[in-house]
Amino acid sequence: MLVRLFRSNQPGVLIGLLGLVPLLFLRHLQLPPVPPEASMPLQALLDVLFAAAPWTHGVVLLATICAISVQLIGVMGEAELVERRNHLPALLFPVLLAALAPPGSLGPALFGMPFVLWSMRRTWTLTSGGGALRPLFDAGLLLGLAAQLYMPYSFLVVVVWASVSVVRPFSWREYLVPLLGLLLIFYLAWGSLTLAGAGVWYPLRTISRPAPFTPKEGDPLPGVLGILLLAFLAISLYQFARQYNRGVVREQNLRSAFLAFVATLGVVIGSVSVLNNWYPPVLLAVPLSLLFTFALIGTRRAWLSELGGLALLAMAIWKQFG
């Protein structure tokens, strides 16, 4: 029943997020945010806001999760990643995020993700003809804003390059423009900090951040959740390959750009994990919520989809309250 509702193309089902998201992240709201020793400029402003009015942390956290859930629908729909429009990513993202994120682990990477998805949406709506410099410059600016919250997002400019390479004929300006947009935001941030007398700015030092939570010892959930996620991933990749082979050239190109996005986030996860021994769960929840849509979109064995969706929801609830 739950999966069937979000499999439809009825926007009214999104009202359910207003009840689902607070339920899944109640424990996160009860913990005060722990600001890191070094933050990017926009995250530092958020930390000041959270310290001045602690209730704003919960509001911003829930609003960001809901915004990302809605954005994922638009990204998947406008890029035509699936054969028919649906709202499954809006269900899968908060459930997966709650299942992967221990209380206290949501921070800069989550708050920067809306800018990343906005950037991908601008990039993936390009066509093989017509002007592309303005949307690509916008994509670079948006990645720059995302990086002002979480520095590793600046690396995602390679996704823009990869997307352009498969969607449009080669033009060196279209590879330079998004980089200029990204660098412009960093230049403005550096200038603003200099005028404000903030001292020397070291953006790369903000990547090093110890885990803001204490892992539970003897918790069986990670093993069970890992098996469930691997099963979903296998089915999703199989269904993705089938739809990829049936698609026309434009659809195949956009799905190739999507794979570049997934692979690049995987590189970011691996790099951050080596440095910090943990990674922000949103980096994994976003691509999985898009991939798992392929596993749940079919209606031939609807009961299996419902069972899988309920299993993920049970894992998420156990993670928060178990």
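Our subject is the structure that appears above.
An account of the accompanying structure is given in this report. (Residues numbered from 1 in each chain as written. Predicted model: local features only at pLDDT ≥ 70, side-chain atom pairs only at ≥ 80, totals over all residues. Heavy atoms only, no water.)

### A few points about the overall build of the chain
Working step 1: When helices and strands are counted, the chain shows 14 helices and 0 strands.
Working step 2: Expected size for 322 residues packed as a compact globule is a radius of gyration near 20 Å; at 20 Å, the chain falls within 12% of this value.
Working step 3: Evaluated residue by residue, the chain yields a buried proportion of 51% over its 322 residues.
Working step 4: For the chain, the proportion of contacts with a sequence separation of at least 24, taken over those separated by at least 6, is 83%.
Working step 5: Per element, the accessible surface of the chain, about 15,100 Å² overall, is 69% carbon and sulfur.
Working step 6: On the chain, the mean spot of the 20 positive side-chain charges and the mean spot of the 11 negative ones are 6 Å from each other. (Helix = DSSP H or I, 4+ residues; strand = E, 2+ residues; numbered from the N terminus. Rg over C-alpha atoms; globule rule 2.2 N^0.38 Å. Buried < 20%, exposed > 50% of the residue type's maximum accessible area, 1.4 Å probe, protein only. Contact = heavy atoms within 4.5 Å. Areas by Shrake-Rupley, 256 points an atom, 1.4 Å probe, with all protein chains shown as cover. Lys, Arg positive; Asp, Glu negative; His and termini not counted. Charge placed at Lys NZ, Arg CZ, Asp CG, Glu CD.)

### As for the packing of helix H6 (residues 88-100) against helix H13 (residues 282-296)
Working step 1: For the pair H6 and H13, the least separation of the axes is 8 Å and the interaxial angle reads 135°. The orientation of H6 relative to H13 falls into the category oblique. Along this stretch, H6 crosses H13, giving a crossing that reads as right-handed. Together, Leu88, Pro89, Leu92, Phe93, Leu96, Leu97 and Leu100 of H6 and Val282, Leu284, Ala285, Val286, Leu288, Ser289, Leu290, Phe292, Thr293 and Leu296 of H13 make up the contact between the two elements. (Axes fitted to C-alpha atoms, helices over the stretch in contact; angles between N-to-C directions. Parallel < 35°, antiparallel > 145°, perpendicular 65-115°, else oblique. Left-handed = near helix turned anticlockwise from the far one by under 90°.)

### Observations regarding helix H4 (residues 41-52)
Working step 1: The end-to-end C-alpha separation of H4 is 17 Å, in line with the 16 Å expected for 12 residues at 1.5 Å each.
Working step 2: Inspection of H4 places Pro41, Gln43, Leu46, Asp47 and Phe50 among the buried residues, and these make up the whole buried set.
Working step 3: Where the residues of H4 are buried, they touch helix H5 (55-78), helix H7 (108-124) and helix H10 (172-195). (Expected span 1.5 Å × (residues − 1).)

### Describing the packing of aromatic side chains
Working step 1: All told, the structure shown has 10 aromatic pairs when counted by the stated rule.
Working step 2: Ring geometry for Trp124 against Phe261: centres 5.8 Å apart, planes inclined by 85°, an arrangement best described as edge-to-face. Taken together, the residues span a long stretch of sequence, with Trp124 in helix H7 and Phe261 in helix H12 (residues 249-276) at a distance of 137 residues. The pair formed by Trp124 and Phe261 is uniform in burial state, with each residue classed as buried. (Phe/Tyr/Trp six-rings, centres within 6.5 Å; stacked < 30°, edge-to-face > 60°.)

### Quick word on the side chain of Arg255
Working step 1: Take Arg255: it is sitting in helix H12.
Working step 2: At 4.3 Å, Glu251 is the nearest oppositely charged side chain to Arg255, a buried residue that forms no salt bridge.
Working step 3: If we ignore the near neighbours within four places in the chain, the residues touching Arg255 are Glu80, Leu81, Val82, Glu83, Phe240, Gln243, Tyr244 and Gly247. (Salt bridge = Lys/Arg side-chain N within 4 Å of Asp/Glu carboxyl O.)

### What to know about the environment of Val224
Working step 1: Relative to the helices and strands, Val224 resides in helix H11 (residues 221-246).
Working step 2: Through-space distance from the C-alpha of Val224 to that of Met315 is 8.6 Å; in sequence the pair is 91 residues apart.

### Describing unusual backbone geometry
Working step 1: The phi angle at Asn277 is positive, at roughly 65°, despite the residue not being glycine.
Working step 2: You can see Asn277 is positioned in the loop between H12 and H13.

### Quick word on the nonpolar core
Generally speaking, nonpolar side chains in soluble globular proteins are found buried as a group.
Working step 1: Grouped together as the largest cluster of nonpolar side chains are 96 residues, with contacts concentrated most on Phe93, Leu97, Leu110 and Tyr153.
Working step 2: With sequence-adjacent residues up to four places away left out, Leu97 is seen in contact with Phe25, Ile65, Leu106, Leu110, Pro281, Val282 and Ala285. (Core = buried A, V, L, I, M, F, W, Y, C linked by side-chain atoms within 4.5 Å.)

### Section: the pattern of salt bridges
A side chain of one charge can pair with a side chain of the opposite charge if their charged atoms are brought near each other.
Working step 1: Enumeration over the complete set of coordinates arrives at 2 salt bridges.
Working step 2: A salt bridge links Arg122 to Asp138; the nearest nitrogen and oxygen atoms lie 2.6 Å apart. With Arg122 in helix H7 and Asp138 in helix H8 (residues 133-147), the pair connects residues that are 16 residues apart, well separated along the chain.
Working step 3: Overall, the relative accessible area of 27% leaves Arg122 in the partly exposed class.
Working step 4: For the salt bridge of Arg168 with Glu174, the shortest nitrogen-to-oxygen distance reads 2.9 Å.

### Points about a nonpolar patch on the surface
Working step 1: A contiguous nonpolar surface patch, about 320 Å² in accessible area, is contributed by Leu23, Leu26, Ile317 and Phe321.
Working step 2: By secondary structure assignment, the location of Leu26 is in helix H3 (residues 26-30). (Patch = residues over 30% accessible without salt bridge, like charges linked within 9 Å, V, L, I, M, F, W, Y side chains within 5 Å.)

### Observations concerning H8
Working step 1: Helix length check: H8, at 15 residues, gives a terminal C-alpha distance of 21 Å against a target of 21 Å (1.5 Å per residue), a fit within 8%.
Working step 2: Residues of H8 that are buried sit in contact with H7, helix H9 (157-167) and H10.

### Comments concerning the packing of H8 against H10
Working step 1: Close contact between H8 and H10 brings their axes to 7 Å; oriented N to C, the two are set at 35°. Regarding H8 and H10, the two cross each other, and that crossing is right-handed. Facing Leu133, Leu136, Phe137, Gly140, Leu141, Leu143, Gly144, Leu145 and Ala147 of H8, the residues of H10 in contact are Arg173, Glu174, Val177, Pro178, Leu180, Gly181, Leu182, Leu184, Ile185 and Phe186.
Working step 2: Of the residues contributing to the contact of H8 with H10, the split by class is 14 nonpolar, 3 polar and 2 charged. (Nonpolar A, V, L, I, M, F, W, Y, C, P; charged D, E, K, R; others polar.)

These figures capture arrangement, not role.
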